[in-house]
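Observations on the model geometry
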Amino acid sequence: MKIIMLGAPGAGKGTQAKMVAEKYHIPHISTGDIFRANIKNGTKLGMEAKEYMDKGLLVPDELTVKILLDRVAQEDCQGGYVLDGFPRTIPQAEVLDRALAELGDAIDYAVNVDVPDENIVNRMSGRRACLSCGATYHMVHIPPKKEGVCDTCGQPLVLRDDDKPETVKNRLGVYHEQTQPLIDFYEKKGVLKTVDGTQDMKDVFQAIAAILG
Ligand code: ADP
Ligand code: ADP
Ligand code: ZN
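So, here is what we can say about the structure in this document. (Residues numbered from 1 in each chain as written. Chains lettered and ligands numbered in written order. Predicted model: local features only at pLDDT ≥ 70, side-chain atom pairs only at ≥ 80, totals over all residues. Heavy atoms only, no water.)

1. Examining the coordination of the zinc ion (ligand 3)
- Around the zinc ion (ligand 3), the protein contributes the donor atoms Cys130 (SG), Cys133 (SG), Cys150 (SG) and Cys153 (SG), at 2.3 Å from the metal centre.
- Note that the zinc ion (ligand 3) binds 4 donor atoms; their angles at the metal cover 97 to 117°, and the shape is tetrahedral.
- Taken in chain order, the donor set of the zinc ion (ligand 3) reads C-x2-C-x16-C-x2-C. Of this pair, cysteine 133 sits in the loop between β5 (127-129) and β6 (136-138) while cysteine 150 is found in the loop between β6 and α7 (165-179), placing the two residues 17 residues apart along the sequence.
- A residue is classified by how much of its surface remains accessible, and cysteine 133, at 38% relative accessible area, is partly exposed. (Donors = N, O, S within 2.8 Å, 3.2 Å for Na, K, Ca; no water. Tetrahedral: all angles 85-135°; square planar, octahedral: opposite > 155°, others 65-115°. Helix = DSSP H or I, 4+ residues; strand = E, 2+ residues; numbered from the N terminus. Buried < 20%, exposed > 50% of the residue type's maximum accessible area, 1.4 Å probe, protein only.)

2. Some thoughts on unusual backbone geometry
- Proline 87 follows phenylalanine 86 through a cis peptide bond whose omega is -5°.
- Residue position: proline 87 is located in the loop between β3 (81-84) and α5 (90-102).
- Backbone geometry at histidine 25 places phi at a positive 55°, although glycine is not the residue there.
- Along the chain, histidine 25 turns up in the loop between α1 (13-24) and β2 (28-30).
- Since its relative accessible area comes to 71%, histidine 25 is described here as exposed.

3. Let's talk about the site of ligand 2
- Taken together, 18 residues surround ligand 2, and among them Gly10, Gly14, Thr15, Arg127 and Tyr137 come closest.
- The contact in question runs from an oxygen atom of ligand 2 to an N or O atom on the side chain of arginine 127, over 2.6 Å.
- The contact in question runs from an oxygen atom of ligand 2 to an N or O atom on the backbone of histidine 138, over 3.4 Å.
- Listed by contribution, the elements that provide at least two residues to the shell around ligand 2 are α1 and β6.
- Here the shell around ligand 2 is built from residues that sort into 6 nonpolar, 8 polar and 4 charged. (Near = heavy atom within 4 Å. Polar contact = N/O pair within 3.5 Å; in protein donor to acceptor, adjacent residues only side chain to side chain. Nonpolar A, V, L, I, M, F, W, Y, C, P; charged D, E, K, R; others polar.)

The following block contains the structure:
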């Protein structure tokens, strides 16, 4: 099963994608996580990506598409995957579509996690991330067992540089301009499913699982 998670920054794509990956035994692929791992390791890709990420802008398609295509070509993706944060532009979606079509394949579902802008700034300012294992928490809604510490790996949790309110505003603008058109794109392909992302994390997941079967 090949699934795309769509939604604004902070809508809960990552949170849901992790649960989908676990339930359906498929890898969770987050381009944001791949970029952050590269930044942490000081690679050339990481340094290039950081310039854009810190401003709340998208990393150019030239850099993004190749890492995604390389990733989905790996052995563990044979049985499907859940993409979180890719595609984010129409050209990215077209490249993915063509690459799949060449293999006689296609995306099965594009799940749109719908959350209004009013809720997003709250989601983002409360988000705490573990840069070590990629786990995500929310100080109020989804707190870790011990404050400031990752449940999974024990590393300290941080507020991402790009989750500060000023940058979040930019990211929302970028979302509406460049990413939201994908909703129409996948609607036309007949694979779009929308869920109400303002519900509790578990209820959102229940709605998604009902769609995926
Ligand atoms: P969020 O989950 O909050 O939406 P991500 O971790 O997906 O954030 O992405 C963080 C940043 O990484 C984005 O603001 C953007 O700069 C960059 N990024 C991630 N995925 C892509 C992509 N597919 N295309 C361009 N930039 C991306
Ligand atoms: P995205 O990947 O779309 O940027 P995340 O999954 O990282 O979004 O979620 C953004 C923030 O909102 C995180 O702090 C996360 O813990 C929290 N969150 C996720 N789902 C919910 C929910 N259903 N209700 C409340 N908070 C949520
Ligand atoms: Zn961790």
